Amino acid sequence: MVAQTVESVVPTDPHAGDAVFELHRGGKIEVNSSIHVQDADDLSKAYTPGVARVCTAIAAEPALARRYTWTSNVVAVVTDGTAVLGLGDIGPVASLPVMEGKALLFKEFGGVDSVPIALDCTDVDEFVETVARMAPSFGGINLEDISAPRCFEIERRLKERLDIPVFHDDQHGTAVVVLAALRNALRVTGKSIEDIRVVISGAGAAGVACARILLQAGVGDLAVVDSKGVLHEDRPDLNPVKLSLARDTNTGGLSGRLADALAGADLFVGVSGGTVPEEAVASMADDAIIFALANPNPEVHPDLAHRHAAVVATGRSDFPNQINNVLAFPGIFRGAFDAGATRITEGMKLAAADALAGLIAAEDLRPDYIIPSPFDPRVASAVAEAVAAAAVSEGVTRD
């Protein structure tokens, strides 16, 4: 009998040498200590017996945990892996590279520490209960890649139950950056937000949140389209979230498919995938604005979009005007933490969008530059300052 060598029983890595896989090898984040333990005196202060004094003080006054633990600067990035990027329901384990990436971005762009947590449960009650029981270890909860419509109920229930910021980035991060980009696109085209007609393709997490924030910002004529057509109150197939949105939108009484809704529209926001026919794009109003955000394949390719629109944005980094959530979520949590906010309000989101838009000076504004780059060093601090100020103004801070 021939003995097996170690090499013969260790499986060959088919991804060895691939630059992307090599970057992910061993994960993308780690835990580092914020102090150094160099001698017995340091050890006695960092751990027992000194740590007992801190514990006793917190037990007597729980608010001290924000000062004497990491909770004032740490976010739990929580998913169940049911709606990961454009990959769909790939499960909690396969979602971890994305959650690690999110934690990396929190730190790199906002100086916020975070822990990726992938939960092996899809039941809403179990998910909410699990996160709520973990919450004392964190200063905020960032929900990530959770399928709709479950994500709406999960976020609502956690916000009601917890006294720390809870934020579903797939909804609100996208919405904040879309509004910021729209503010500047309107400056380019000379249109007013109150006068434009908007069509959003997609009634999932991002589509619903984009619709809500645009309504709050002053859009009066907005229609949302899902895979079965325009949302309106008479459709019998709408879930509660879509029915509520239908009641608050479509003041023009539109029905039919996406192409029908696009005729004469000033703004198209795509957060659904699929492809919009060129004839539908061509039917939009003069000086139209197109935000085709599906990744990696925009609903309207930029080359086609530019034939019919004045301003074009996508979710991709290889085209101008990238609508990227990283412009929002690090600064939003940074500002919420700096202010000691107990929640993230609609006013704080609007403030974040206005701060982002305001980073583009009038003399720099042009059709291919309506939103800052994620690598603009001003972004996180500008968003954080605006969010913190809004939190204080709205009275949602602890201090």
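Structure first, text after, so check above.
Heads up: these notes are all about the structure in this document. Residue indices begin from 1 for each chain and proceed along its sequence in written order. Thresholds applied to this predicted model are a pLDDT of at least 70 for local features of residues and 80 or more for the giving and counting of side-chain atom pairs; totals over whole chains, interfaces and linings are not thresholded and use all residues. Water and hydrogen atoms play no part in the side-chain values, which are based on all heavy atoms of the structure.

Right, let's get into the pattern of salt bridges. Salt bridge, as used here: a side-chain nitrogen of Lys or Arg that lies within 4 Å of a carboxyl oxygen of Asp or Glu. Here the structure, examined in full by the defined rule, presents 28 salt bridges. Notably, a salt bridge pairs Asp-169 with Lys-102, separated by 2.3 Å at the nearest N-O pair. Here Asp-169, found in helix α9 (residues 169-189), pairs with Lys-102, found in helix α6 (residues 92-110); they are 67 residues apart in sequence, far enough to count as distant. The exposure classification of Asp-169 matches that of Lys-102, with both residues buried. Across the pair Lys-349 and Glu-346 runs a salt bridge, and its minimum N-O distance is 2.8 Å. Linking Lys-349 with Glu-346, this pair stays in helix α16 (residues 346-358), spanning three residues, or about one helical turn. Exposure is judged per residue with a 1.4 Å probe applied to protein chains only, and the accessible area is read against the type maximum: over 50% gives exposed, under 20% gives buried, and values in between give partly exposed. Exposure remark for Lys-349: the relative accessible area of 3% places this residue in the buried category. When its relative accessible area of 32% is taken as the criterion, Glu-346 is described as partly exposed. Where salt bridges share partners, they join Asp-226, Lys-228, Arg-235, Asp-237 and Lys-242 into one cluster. A run of H or I in DSSP counts as a helix once it spans at least four residues, and a run of E counts as a strand once it spans at least two, with each numbered from the N terminus.

Time to look at helix α10 (residues 205-217). Expected helix span is computed as 1.5 Å times (number of residues minus one). The end-to-end C-alpha distance of α10 is 18 Å, a good match for the 18 Å that 13 residues give at a rise of 1.5 Å each. Counted residue by residue, α10 has 10 buried out of 13 residues, so it is predominantly covered. Taken together, the buried positions of α10 are Ala-205, Ala-206, Gly-207, Val-208, Ala-209, Cys-210, Ala-211, Ile-213, Leu-214 and Ala-217. Positive phi appears at Gly-218, one or two residues downstream of α10, with a value of about 120°.

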